[in-house]
Amino acid sequence: MDSYIAAIDQGTTSTRCILFDHGGNIAASAQREHRQIYPQAGWVEHDAIEIWQNTQLVIHQALSSANVTAASIQAIGITNQRETTVVWNRQTGKPYHHALVWQDTRTEDICTDLTDKISAEQIRTITGLPVATYFSGPKISWLLQNVEQLRADAEQGLALFGNMDTWLIWNLTGGINGGQHTTDVSNASRTMLMNLSTLQWHDDLLEAMQIPKSMLPHIRPSSDSHFYGRTVKEGVFNFEIPVCGDLGDQQAATVGQTCFAPGDTKNTYGTGCFLIQNTGTELVRSEHGLITTACYQFNSEPTVYALEGSIAIAGALIQWLRDNLNLITSAAEVEELANTVDDNGDVYFVPAFSGLYAPYWKENARGVIVGLTRF
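Residues numbered from 1 in each chain as written. Predicted model: local features only at pLDDT ≥ 70, side-chain atom pairs only at ≥ 80, totals over all residues. Heavy atoms only, no water.

What follows covers the packing of aromatic side chains. A complete count under the given rule lists 18 aromatic pairs for this structure. On the numbers, 5.5 Å between centres and 55° between planes, the contact of Trp88 with Trp170 is tilted. Taken together, the positions of Trp88 in strand S6 (residues 86–89) and Trp170 in helix H6 (residues 164–172) put the pair 82 residues apart, joining distant regions of the chain. Here Trp88 and Trp170 have matching classes, each one buried. (Phe/Tyr/Trp six-rings, centres within 6.5 Å; stacked < 30°, edge-to-face > 60°. Helix = DSSP H or I, 4+ residues; strand = E, 2+ residues; numbered from the N terminus. Buried < 20%, exposed > 50% of the residue type's maximum accessible area, 1.4 Å probe, protein only.)

If you trace the four strands from one edge of the open sheet to the other, you get S15-S16-S18-S17, paired in antiparallel fashion. Looking at strand neighbours, the two that pair on one side only are strand S15 (265–269) and strand S17 (291–296), the edges of this open sheet. With strand direction ignored, the average angle separating the axes of adjacent strands in the sheet is 30°. (Pairing = 2+ DSSP bridges. Axes fitted to C-alpha atoms, helices over the stretch in contact; angles between N-to-C directions.)

On to the nonpolar core, then. Counting residues in each nonpolar core, the largest one holds 53 residues, and the members touching the most others are Tyr134, Leu193, Ile211 and Met215. Among the elements that make up this core, the one with the highest residue count is helix H4 (residues 136–146) (four residues). With residues up to four places along the chain from it excluded, the contact list for Met215 reads Val87, Ile140, Leu144, Ala154, Ala159, Leu160, Phe161 and His181. If you look at the next biggest cluster of nonpolar residues, it comprises 35 residues, including Tyr4, Ala6, Ile78 and Val86. (Core = buried A, V, L, I, M, F, W, Y, C linked by side-chain atoms within 4.5 Å. Contact = heavy atoms within 4.5 Å.)

Moving on, we come to a nonpolar patch on the surface. A grouping of Tyr348, Val350, Val368 and Val370 is seen on the molecular surface, where their side chains present a nonpolar patch of about 320 Å² in accessible area. Elements supplying a minimum of two residues to the nonpolar patch: strand S19 (348–350) and strand S20 (368–370). Among the secondary structure elements, Val350 is positioned in strand S19. Taking relative accessible area as the criterion, Val350 reaches 34% and is therefore assigned partly exposed. (Patch = residues over 30% accessible without salt bridge, like charges linked within 9 Å, V, L, I, M, F, W, Y side chains within 5 Å. Areas by Shrake-Rupley, 256 points an atom, 1.4 Å probe, with all protein chains shown as cover. Salt bridge = Lys/Arg side-chain N within 4 Å of Asp/Glu carboxyl O.)

With respect to the helices and strands, the residue Gln145 is situated in helix H4. Take Gln145: its relative accessible area is 48%, and that puts it in the partly exposed class. Here the alpha-carbon distance between Gln145 and Gln210, two residues 65 residues apart in the chain, equals 9.4 Å.

You can see Val284 is positioned in the loop between strand S16 (273–280) and S17. Since its relative accessible area comes to 24%, Val284 is described here as partly exposed. Considering only alpha carbons, one finds Val284 and Tyr305, 21 residues apart in sequence, at a separation of 7.8 Å. Setting aside residues no more than four positions away along its own chain, Val284 makes contact with Thr279, Thr292 and Leu307.

This is the structure in structure tokens:
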């Protein structure tokens, strides 16, 4: 019987499942978009239940397309949109609120108040991150302050936090019936709650943001021979399969592009645009607005770190042209339209829909079009 690895890619705009055979070839792939929810300007949400349902659907579609059963799947790896924050009840499995997406800027005041308790320089030293609405910690704090009953449940140990990797692993491995509440170093390093040197949750930051430690998942290596847990027979696969890998999307791309040597660099264009440079086991501090982040950790080997330049909106601009302005019906039309003109006429569009990220980190920046003339 042929054997496969299932890769689940839970992204900002869609969820995909790809089956790889023993030679690393794609045997089947399925993808499904989910809704982008905008309650008001600067706010971006996802329905975590919809994403879990889509995940189950694309798994079934990929298996069906390859004409294989779950018994052929030897292992599962997960990659996910980072920083997007979901909090759910461990007894019911239901989220307390829509997930707050990494692009969401509603936590600007929380970030400002946080620096009154711990300086931005201290936070960057501890976490490698600037104080920004981008990261998960302030989003958890906002949910605790604004969602009815959540604070009380969190104090009683009933509320669980996770980025999308944690949410999927918990559901895949049993959910309310013993699901594993875990994450990896790459995702944990994007919360603004983890000490980048010790790879542990930082008590002072938790206290400053008033986040109960019981909400947080256990931090594990990105690829672990002891794995994260097994899928349950009553679940989507109807078979026990080990979940062996977990990496945030950009770190996963870095590994996928085999950037394993210090200095190796990848650049990817998805919803946003992200450049990551492997710095090896050395924790390099940027003086020019880059993020210092955990890149990956394999088993008990030392953690590999990276520098990252983050831009919030890249491919999402194409989606905006399609869905908001209705200028196109598919992304592929953009190239065709661009080829109908000689140049851009010195007109530039800065899509700062969620503020400007690296190297400026200006939360209040907004999209602008410049260079317009009558011509």
